Amino acid sequence: MTQNAQVQKSIQISCEDNLLLLKRQQDASVDLIYSDILYGTGRNFGEYQDLKPKRDVIERHYLPRLIEMKRVLKQNGSIYLQMDTRINHWMRILMDKVFGYDNFQNEIVWAYRTQGFSKSKWSEKHDVVLFYSKSKAFKFNLEDVRETEISESTQKRWHKEIKEFGMIPTKKNGKTYWNSPYSPPRDWIDMNALPQAHTERNGYPTQKPKELIKRFVLASSNEGDVVADYYLGSGTTAEVCKELNRNFIGCDINPRAIEITKNRLDRDESGWAFSFL
Ligand SMILES: C[S@@+](CC[C@H](N)C(=O)[O-])C[C@H]1O[C@@H](n2cnc3c(N)ncnc32)[C@H](O)[C@@H]1O
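Residues numbered from 1 in each chain as written. Predicted model: local features only at pLDDT ≥ 70, side-chain atom pairs only at ≥ 80, totals over all residues. Heavy atoms only, no water.

Some points on the overall build of the protein
At step 1: Secondary structure summary: the protein contains 8 helices and 13 strands in total.
At step 2: For 277 residues, the compact-globule estimate of 2.2 N^0.38 gives 19 Å, and the protein sits close to it at 20 Å.
At step 3: Projected onto its principal axes, the C-alpha positions of the protein cover 65 × 65 × 40 Å.
At step 4: For the protein, contacts bridging at least 24 residues in sequence account for 71% of all contacts bridging at least 6.
At step 5: Taken as a whole, the protein presents about 15200 Å² of accessible surface, with 50% of it coming from carbon and sulfur. (Helix = DSSP H or I, 4+ residues; strand = E, 2+ residues; numbered from the N terminus. Rg over C-alpha atoms; globule rule 2.2 N^0.38 Å. Contact = heavy atoms within 4.5 Å. Areas by Shrake-Rupley, 256 points an atom, 1.4 Å probe, with all protein chains shown as cover.)

What follows is the structure, encoded as structure tokens:
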């Protein structure tokens, strides 16, 4: 291979129970796991039946899978599991048990605005993403996930300065102070859920925004790394990984989910190898 030859990246997707895929995978072969898991609503979403919100049901389902997830993660790998407040307390105890309390890194809150409010208590408008590492030596690409709260007009006004110095000037008592407009990310993300009419919508009932998943993939993996999603749904993580040049492996037990995923990936692009099982 010449020095400039493009290294082929791969997207491997299978329709099966994730425990089967996990059991086939080699030890320490995955850099990052992101999965938007079963939330324990007990609901039938049409596309799939969710687990009941019972502690024994949740533990029976997740414990064997978490043990495998830890095994397949590389020593410097990370795992992000997304859920909501129905099961996050049980999942945290399970993840502490499997990954170790010392490897708990964050409980990230995704706050969104959707229609439908409770009149008898606080309306539930957030998801929880539990982030654990396999060891202390995990990646965190701070520069790729810095946040800014300055307005678009301020960004436009200081466009040249931001580009050149990564700073914006403020004047106080005749002196100029330079400050970074970007701060390290907080453990909460204020981002809207996809409205029904959004162009990204593909009809899957629990589809998540690409922008949300992008933040986790950017923070905890590098180009060429292997990212896995064992609860793939409509393939949001697969599409994000393709856009960010990460290798991807994932599965879903629902054939419709795989069908939608296939349709949303541009499979003619050179430099990529696709496999669907
Ligand atoms: C919350 S949805 C994921 C939605 C996805 N994030 C998206 O943007 O479309 C969870 C998915 O897990 C799948 N699933 C449930 N049990 C599974 C299992 N044992 N193995 C693999 N997939 C499973 C369901 O079919 C469902 O598509």
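Some words on unusual backbone geometry
At step 1: Even without being a glycine, Asn173 presents a positive backbone phi close to 50 degrees.
At step 2: As for its position among the elements, Asn173 is in the loop between strand 7 (168-172) and strand 8 (175-179).
At step 3: One non-glycine residue, Asn245, adopts positive backbone phi at about 60 degrees.
At step 4: Checked against the element boundaries, Asn245 lands in the loop between helix 7 (236-243) and strand 12 (247-252).

Some points on the pattern of salt bridges
Once their charged atoms are close, side chains differing in charge can pair, the charge on each being opposite to the other.
At step 1: The tally for this structure, following the rule as stated, stands at 25 salt bridges.
At step 2: Notably, a salt bridge pairs Arg65 with Asp17, separated by 2.9 Å at the nearest N-O pair. Of this pair, Arg65 sits in helix 2 (residues 55-72) while Asp17 sits in the loop between strand 1 (9-15) and helix 1 (18-24), and the two are 48 residues apart along the sequence.
At step 3: Since its relative accessible area comes to 8%, Arg65 is described here as buried.
At step 4: The salt bridge involving Arg113 is made with Asp190; its shortest N-O contact spans 3.0 Å. Residue Arg113 is found in the loop between strand 4 (104-111) and strand 5 (126-133), and its partner Asp190 is found in strand 10 (residues 188-190); the two are separated by 77 residues along the sequence. (Salt bridge = Lys/Arg side-chain N within 4 Å of Asp/Glu carboxyl O. Buried < 20%, exposed > 50% of the residue type's maximum accessible area, 1.4 Å probe, protein only.)

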